[in-house]
Structure formats: C-alpha cells, structure tokens
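For reference, the chains in residue letters:
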Amino acid sequence: MTERLTMTEFARKNWNKLAGDAIKAKMHEHGIGFIQLSELFLEQGESETANAICNKVNRGTFSHAFYLKCMELMTKQEKQEDREKKYKIISLFSGCGGMDLGFLGGFEFLNRTYDKHDFDIIWANEIDEHAVRTYRYNLGNHIVHGDIWQHLDEIPTSADIIIGGFPCQDISINGKGAGISGSRSGLYKAMLSAVERVRPKIFVAENVKGLLMKHHRKDLETVLSDFRNLGYQVDYYLLNAADYGVPQTRERVIIVGRLPEIPEIQIEKTNTSNSYVTARQAIGDLVDKVEDEIANHIWSRAEKSPDQGSRKLDAERAGYTIRAECHGNIQWHYELPRRISMREAARIQSFPDNFIFQAKLRATERQIGNAVPPVLGWHIAAAVSKALK
C-alpha cells in the first residue's frame, strides 16, 4: 500500500514535466514554434504570448486544461495541413455521391477496406433534391442543390480534379437516342465550361456504353474534340465494373482528360470473369432479413409480367446492370419470390451498408441506378492519384 501511494505521489509531481515534454515533442514533430503556438491561441480568441507559453512549458507551471488546449490546437493544425496537402476536387452531376465516395475512399464493402485517398471534395452540385439529401447525409454539406447552369459562377476557380457523370438519358440504349443534342446529355457542355474555368490537372467524366455505338460516334468525337480544344490530352475507356470487384456486369465509358505533363492513367483490374463477385456473395446474407425502411431494405411490389419486367438474378454470376428508370421493375431475387430490395440493389452497386439513402423507394431506386459504383470509383481514383504523383 505504501509503495502504491509513493508511486501516485511521484506521478503527480512529475505530471507537469511529462506533459511539458509531450507538448514540446508534438511541437517538434510538426515544426511549430512558441510563436506559432501563440498564434493558434490567438485564433481561438485567447491571449497567450509566446514568452508566457515558453515559460509555462519549460517550468511545468501549467494546468491540465492548458495542456489539453495546446494538444487540441496542434491536432487541429495538423488536420488542416493534411487537408491542404490533399488534391482538391470539384464534383458535377454528383447524384447521391457514388463516384465521390469512391474518390474519397475510407469505406468497407463485403469485408474489404477501401483506404482513404488523398483527395478532398471542395464543391459539388446536383439538381435532384432527393439525391442532395442523401449526399449531405453521407458525405457532407459542400454540395449545392440546383441547376448547374445557375451555379457555374459559384464554382471555385482552383481545383486539381473535376469529376462527374453528365446525364446520359439521351445516349442510353433505353433512352430516346437524341445524343448530345438532347436536353439532358447536352449538359456535358456545363462540364466543358467548368473545365475551362478551373483548368484542373485531370478531369474524369462517366457515361453509358451507348456513347460508343455507331450512331453516336459523331457525338463521341464532338465531346472529345471540345475537351481537346481546351488543351487536354483526352483518353476514354470502356470499363466493366465486375472487373474491379463490383458484383455487377455494368459497362460504362470513362473519359479522362489530363494536362500534357500528366501521364495517362492506368486503371488496374482486380478480377476476371472466373472470379467475379456473384449475386449470392453480394446479398446472400440478407435473405432472412425482414423489411427495414431505415436500412433501405424495402422492395417494389410490382408483379411479374411482360409489362412489369421479369428478369431474375442468377445467384452464381455477377448481378445485371441496375437501371435508374425501371419504374419498380427492378430485377427479381434469385431465390425469394420478390424483387430485390433497395439495400440489395445498393450492394450490387457496391455501396457500403452504412451509406443510407434519404428517400422513399422510387427516388432511392433512381439514385442507386444513376450512381457510379463506389468501388469502381475507388479504382479510378487510385489511378488518378498515381498519375498525379
């Protein structure tokens, strides 16, 4: 008992010295002097001169609250410096945030961790109010709701990257075939304006496979030419999401523009047709789950018929493409006598389970179907990050 008290007394007497050493070690680690630490106090509205801080730390004449404040201020400074070191992104036509989540990283899907990337999204835009609610709930308040043409002047004038999937309804196989002259797909010109305004190092645009069809060839050439005329090297790739660990054979065109000094990106595949993530692997654990609106585990009651759609998932292959405008005609479960739930659709699109959609069934269905699969976005982001370094 006597020894324990002696140790306690010793610890109390030496706490200030140990705490002082900890403050000085953190200052040394981040290259912060007493003057800078004093300025951090001043930014918080607290007056602590550099000499006063120096004396307190060296003599050990400070309170526990002072110690905590010093460490808090230096930690905040550290986080701010880390943020400033990250590549800055502007996101257009952001939807619910599938591509944005992929570029940010820091999520888990099917027991795999997708690490954080060195990107920071500083501004985003989306016209659909339901998607904006979902985006804000999951990713942050930096998204602006409204028509991009009404907000072009608000776009920051400096960023390293611009990303976005300009609307594809006029190019989609299931669309009206109007191409880039259509009211929706013609919005690529807004992205063109943003690139001209910001002059990012790289831009990434996503669109449907239909852009490569013969009758849209002129549209593709126009899009590529318009971006090249801004001084960018422009490449395009047809990617199958299943090749990158997404449980879905979803093919999309990715257009990447880069300044001449930036090397071409290399998007490395992680899976082959023999190792695709199957529908059963993706959603099998949800078979016994009851409906749960909070978790988006709800489904359409549309009956099976020629008019209502009757496609059924195959348990042992990757899922089919999740469409945005299926009007309740989403695919049938491979085993259960119902259509797949919104959570199951989100899984097939590679959204993590903690990504919660802030809408009812139909609006959620559109958000999921319109999204870039986050896992595919993560691999694109990894290639962009490597090219920038």
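Just above sits the structure.
Residues numbered from 1 in each chain as written. Predicted model: local features only at pLDDT ≥ 70, side-chain atom pairs only at ≥ 80, totals over all residues. Heavy atoms only, no water.

> Provide a residue-level description of the sheet that holds strand β8 (residues 233-240), including the pertinent values.
The 7 strands lie next to each other as β5-β4-β1-β6-β7-β9-β8, forming an open sheet whose pairing is mixed. This sheet does not close on itself; its edge strands, each paired only once, are β5 (143-145) and β8. When the angles between neighbouring strand axes are averaged without regard to direction, this sheet yields 15°. The pairing of β8 with strand β9 (residues 251-258) spans 8 bridges and is antiparallel. Note on β9: the bridge partner recorded for N240 is E251. Sheet contacts for helix α13 (residues 374-388): β1 (87-92), β4 (119-126), β6 (161-164), β7 (202-208), β8 and β9; angle to β7, the most-contacted strand, approximately 155°. (Pairing = 2+ DSSP bridges. Helix = DSSP H or I, 4+ residues; strand = E, 2+ residues; numbered from the N terminus. Axes fitted to C-alpha atoms, helices over the stretch in contact; angles between N-to-C directions. Contact = heavy atoms within 4.5 Å.)

> Please set out the packing of aromatic side chains residue by residue, giving values where relevant.
What the rule picks out here adds up to 13 aromatic pairs. Site record: aromatic cluster; members linked through ring pairs are F166, Y188, F203, F227 and Y232. The cationic tip of R112 hangs over the ring face of W378; the distance from NZ or CZ to the ring centre is 5.6 Å. One cation-aromatic arrangement involves R338 over W299; the distance from NZ or CZ to the ring centre is 3.9 Å. (Phe/Tyr/Trp six-rings, centres within 6.5 Å; stacked < 30°, edge-to-face > 60°. Lys NZ or Arg CZ within 6 Å of the ring centre and 35° of its normal.)

> Describe the environment of W332, naming the residues involved and giving the relevant values.
In this fold, W332 is placed in the loop between α10 (279-283) and α11 (342-348). In this structure the C-alpha to C-alpha distance between W332 and R311, which are 21 residues apart in sequence, comes to 6.1 Å. Residues within four places of W332 in sequence aside, it is in contact with A302, E303, K304, G309, S310, R311, K312, L313, P337, R338, R339 and I340.

> Go over the side chain of T278, please, and point to the residues and values.
Positionally, T278 belongs in the loop between β9 and α10. Exposure remark for T278: the relative accessible area of 11% places this residue in the buried category. Here T278 is in contact with P247, A315, E316, R317 and A318, once residues within four sequence places are set aside. (Buried < 20%, exposed > 50% of the residue type's maximum accessible area, 1.4 Å probe, protein only.)

> Please set out helix α9 (residues 217-228) residue by residue, giving values where relevant.
The end-to-end C-alpha separation of α9 is 16 Å, in line with the 16 Å expected for 12 residues at 1.5 Å each. Among all positions of α9, only D219, L220, V223, L224 and F227 are buried. When α9 is viewed along its axis, its buried side chains cluster within an angular range of 130° and face the same direction. In this fold, the buried residues of α9 make contact with α8 (188-198), β7, β8 and β9. (Expected span 1.5 Å × (residues − 1). Arc of directions from axis to C-beta.)

> Outline the pairing of β4, listing residues and values.
Most of β4 is tucked away, with 7 of its 8 residues classed as buried. One ladder, built from 5 bridges, connects β1 with β4; its direction is parallel. Residue pairing across strands places I90 opposite W123, the latter belonging to β4. Direction of pairing for β4 relative to β5: parallel, over a ladder of 3 bridges. Bridging across to β5, N125 finds its partner in V144.

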